[in-house]
Amino acid sequence: MIKLDLTGISNFIARDEWQQKEPVTAAHDKLMETLGPEHEFTTWLNLPETYDRAEFHRIKAVAERIRSDSDVLLVIGVGGSYLGARAAIELLRSPNYNLNQKSTPNVYFVGNNLSAEHINEIGHLLRNKNFSINVVSKSGQTLEPAIAFRIFKDLLESRYGDIGAKSRIYATCDRRSGALKQWADREGFQTFVIPDRVGGRFSVFTAVGLLPMAVSGVDIDKVLAGAFDTMKNITTDRSFQNPAWQYAAARQGLYRKGKIIEVLACYEPAFQYMAEWWKQLYGESEGKDGGGIFPASVTLTADLHSMGQYLQDGTRNLMETVVSFDTFRRDIEVPATVDDFDGLNYLAEKGLESINRVAKQATNEAHIAGGVPVMEIILPDMSDTAFGHLAYFFQFACGLSGLLQGINPFDQPGVEAYKNNMFRLLGRP
């Protein structure tokens, strides 16, 4: 389970300023209700328990088929349609997953930008490779993935013919409507469902996230088991023993104190895309009505050599949330040298993970002393189950936090502005 250490905020905010039961209870109850405009997109709340078992078995069967007939799975989607899957694969398999020798296909993510350079590079990587496509879109008309799908569908058809290509296209889309669903039904692509009332940034426990995870070898049974375990605990615990209550209330309390930027930090490079997923989840949910905490991220210790100066001495409008792990999959010792040329023999035979922990402790102390409140989220390990724990925790705490902020955390009206301008400038009829 998840643990939360909030000792690093005690110098910045009194406990009774953020640990106020009445508003958090009201937000919790509102989140768990089934009525009201705030619940237009809250089917995700019970997904670890109510997900479609028949579709779940189909996901695993299709993943096995892709592993048997493809060198590459091309995942076409933008935002929540790809970030959760990429976060899981990089954290649980490797940030170098596609470079490693393995028995599972490479997974490439496209359709998340409009770069011709990127599209051409992916096309080059697919030369002499058997590949399949998983196109993910509720509407089928979002510009970035729709263009990428056209391009790579043409490539698939040129290689396998119309019938062969259709057997290698898997569409994750709306259950009943939308351009992609209509196209898939007409062409005979196999489809998976984005459940009703599940927004893209909350879709990681649907086929959106689960199919690419399963193709890469992630144990999706364990992912959902971890999410279910966390769901049982944090949806029923209406007290400040609940880590989601603590995190949501503490960050909103610090926000009221002028800490308007939250920096998510982790000392594992494999966490980078988990942070990207988190940034979309919180940024799109809370950036409303001229307010909201701005989500940023750093990978430490690397970014201590780039962003470290600002974190230590810059404008004091930051709070920091550090994600750490109790145990790791593997470690490596620092070797000794005869001449001790770099003066590091005092570290000889120490495990690198123990040194990394000291770096985290030293940095936390420095940032707190420098005026940055630090919260720490602690997970037991970097396992498939722990991923389920963390992803569900962040989703639930995001809903709570948005409601405490006084906004609807489940819509995203602001993202339509640039789309409308882009379609106008492109001459869309």
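Everything in this summary refers to the structure shown in the same document. A quick note: this is a predicted structure, and the numbers were derived from the prediction, not measured.

1. A short note on the overall build of the protein
In step 1: The secondary structure content of the protein amounts to 16 helices and 10 strands.
In step 2: Relative to its length of 429 residues, the protein is compact, with a C-alpha radius of gyration of 23 Å against a globular reference of 22 Å.
In step 3: Referenced to the eigenvectors of the C-alpha coordinate spread, the extents of the protein come out at roughly 65 × 65 × 45 Å.
In step 4: The buried share among the 429 residues of the protein stands at 51%.
In step 5: Sequence separation of 24 or more characterises 79% of the internal contacts of the protein that already satisfy a separation of 6 or more.
In step 6: Accessible surface computed for the protein: about 19,100 Å², of which carbon and sulfur atoms make up 50%.
In step 7: The centroid of the 44 positive side-chain charges in the protein is displaced by 6 Å from the centroid of its 52 negative side-chain charges.

2. Points about the layout of surface pockets
In step 1: Estimated volume of the largest pocket: approximately 780 Å³.
In step 2: In terms of lining, the largest pocket is formed by 30 residues, of which the most central are Val78, Thr142, Gly200, Gln412 and Lys419.
In step 3: Elements that contribute at least two residues to the lining of the largest pocket include exactly helix H7 (143–166), helix H12 (272–286) and helix H16 (415–426).
In step 4: At 5 residues, H16 tops the list of elements feeding residues into the lining of the largest pocket.
In step 5: In this structure, the second largest pocket is lined by 19 residues; those nearest its centre are Gly140, Gln141, Ala146, Arg150 and Ala179.
In step 6: A per-element tally of the lining of the second largest pocket places H7 first, with 6 residues.

3. Structural notes on the packing of aromatic side chains
In step 1: Here the structure, examined in full by the defined rule, presents 22 aromatic pairs.
In step 2: A ring pair is formed by Trp277 and Phe394, whose centres lie 6.5 Å apart and whose planes are at 55 degrees; its orientation type is tilted. With Trp277 in helix H12 and Phe394 in helix H15 (residues 384–405), this pair connects stretches of sequence that are 117 residues apart. Just as Trp277 is buried, Phe394 falls in that class too.

4. Here's the deal with the pairing of strand S5 (residues 169–173)
In step 1: Counting buried positions over the 5 residues of S5 gives 5, a clear majority of the element.
In step 2: Burial along S5 is two-sided: the face carrying Ile169, Ala171 and Cys173 and the face carrying Tyr170 and Thr172 are both buried.
In step 3: Bridging between strand S4 (residues 131–136) and S5 involves 4 bridges; their strand directions are parallel. Residue pairing in the sheet places Ile133 in a bridge with Ile169 of S5.
In step 4: Between the parallel pair S4 and S5, the chain is carried across by H7, and the sense of this crossover is right-handed.
In step 5: Relative to strand S6 (residues 190–193), S5 runs parallel, the two being bridged by 4 bridges. Looking across to S6, one finds that Thr172 is bridged to Phe192.
In step 6: In this region the chain leaves S5, passes through helix H8 (residues 179–187) and returns to the parallel neighbour S6; the handedness of that crossover is right-handed.

5. Here we look at the sheet that holds strand S3 (residues 106–110)
In step 1: The strand order across the open sheet built from 5 strands is S3-S2-S4-S5-S6, with neighbouring strands paired in parallel fashion. Across the chains shown, the open sheet's two edge strands, defined by having one partner strand only, are S3 and S6. Mean inter-strand twist for the sheet, computed between neighbouring axes without regard to direction, equals 20 degrees.
In step 2: Taken strand by strand, H8 contacts S4, S5 and S6, and its axis lies near 145 degrees from that of S5.

6. Overview of the environment of Thr7
In step 1: As for its placement among the helices and strands, Thr7 is situated in the loop between strand S1 (3–5) and helix H1 (15–18).
In step 2: Along the primary structure Thr7 and Gln252 are separated by 245 residues, whereas in three dimensions their C-alpha atoms are 16 Å apart.
In step 3: Reaching out from Thr7, the side chain makes a polar contact with the side chain of Asp5 at a distance of 2.8 Å.

7. Some remarks on the pattern of salt bridges
In step 1: Taken as a whole and assessed by the stated rule, the structure comprises 21 salt bridges.
In step 2: One salt bridge in this structure joins Lys60 and Asp221, with 2.9 Å as the shortest N-O distance. Taken together, the residues span a long stretch of sequence, with Lys60 in helix H4 (residues 53–69) and Asp221 in helix H10 (residues 220–236) at a distance of 161 residues.
In step 3: Classification of Asp221 as partly exposed rests on a relative accessible area of 39%.
In step 4: Here Lys166 makes a salt bridge to Glu187, at a shortest N to O gap of 3.4 Å. Here Lys166 is found in helix H7, whereas its partner Glu187 is found in helix H8, with 21 residues between them in sequence.
In step 5: Residue Lys166 is classed as partly exposed on the basis of its relative accessible area of 30%.
In step 6: Linked through salt bridges whose partners overlap, the residues forming this network are Arg65, Asp69 and Arg168.

8. What to know about the nonpolar core
In step 1: Counting residues in hydrophobic clusters, the biggest one holds 93 residues, and the most contacted among them are Tyr247, Phe271, Trp277, Phe387, Leu390 and Phe394.
In step 2: Among the elements that make up this core, the one with the highest residue count is H15 (11 residues).
In step 3: With residues near it in sequence (within four places) discarded, Leu390 still touches Ile2, Phe271, Met274, Val323, Ile377 and Leu379.
In step 4: Counting 22 residues, the second largest nonpolar core, distinct from the first, contains Leu126, Leu156, Cys173 and Ala184.

Reading guide: rules and limits
- Residues numbered from 1 in each chain as written.
- Predicted model: local features only at pLDDT ≥ 70, side-chain atom pairs only at ≥ 80, totals over all residues.
- Heavy atoms only, no water.
- Helix = DSSP H or I, 4+ residues; strand = E, 2+ residues; numbered from the N terminus.
- Rg over C-alpha atoms; globule rule 2.2 N^0.38 Å.
- Buried < 20%, exposed > 50% of the residue type's maximum accessible area, 1.4 Å probe, protein only.
- Contact = heavy atoms within 4.5 Å.
- Areas by Shrake-Rupley, 256 points an atom, 1.4 Å probe, with all protein chains shown as cover.
- Lys, Arg positive; Asp, Glu negative; His and termini not counted.
- Charge placed at Lys NZ, Arg CZ, Asp CG, Glu CD.
- 1 Å grid on protein atoms, 1.4 Å probe; cavity = no way out; pocket = protein on both sides within 12 Å on 5 of 7 lines; lining within 4 Å.
- Points joined across faces, edges and corners; volume = space filled by probe spheres on them.
- Phe/Tyr/Trp six-rings, centres within 6.5 Å; stacked < 30°, edge-to-face > 60°.
- Pairing = 2+ DSSP bridges.
- Right-handed = clockwise from strand over helix to strand, strands pointing away.
- Axes fitted to C-alpha atoms, helices over the stretch in contact; angles between N-to-C directions.
- Polar contact = N/O pair within 3.5 Å; in protein donor to acceptor, adjacent residues only side chain to side chain.
- Salt bridge = Lys/Arg side-chain N within 4 Å of Asp/Glu carboxyl O.
- Core = buried A, V, L, I, M, F, W, Y, C linked by side-chain atoms within 4.5 Å.

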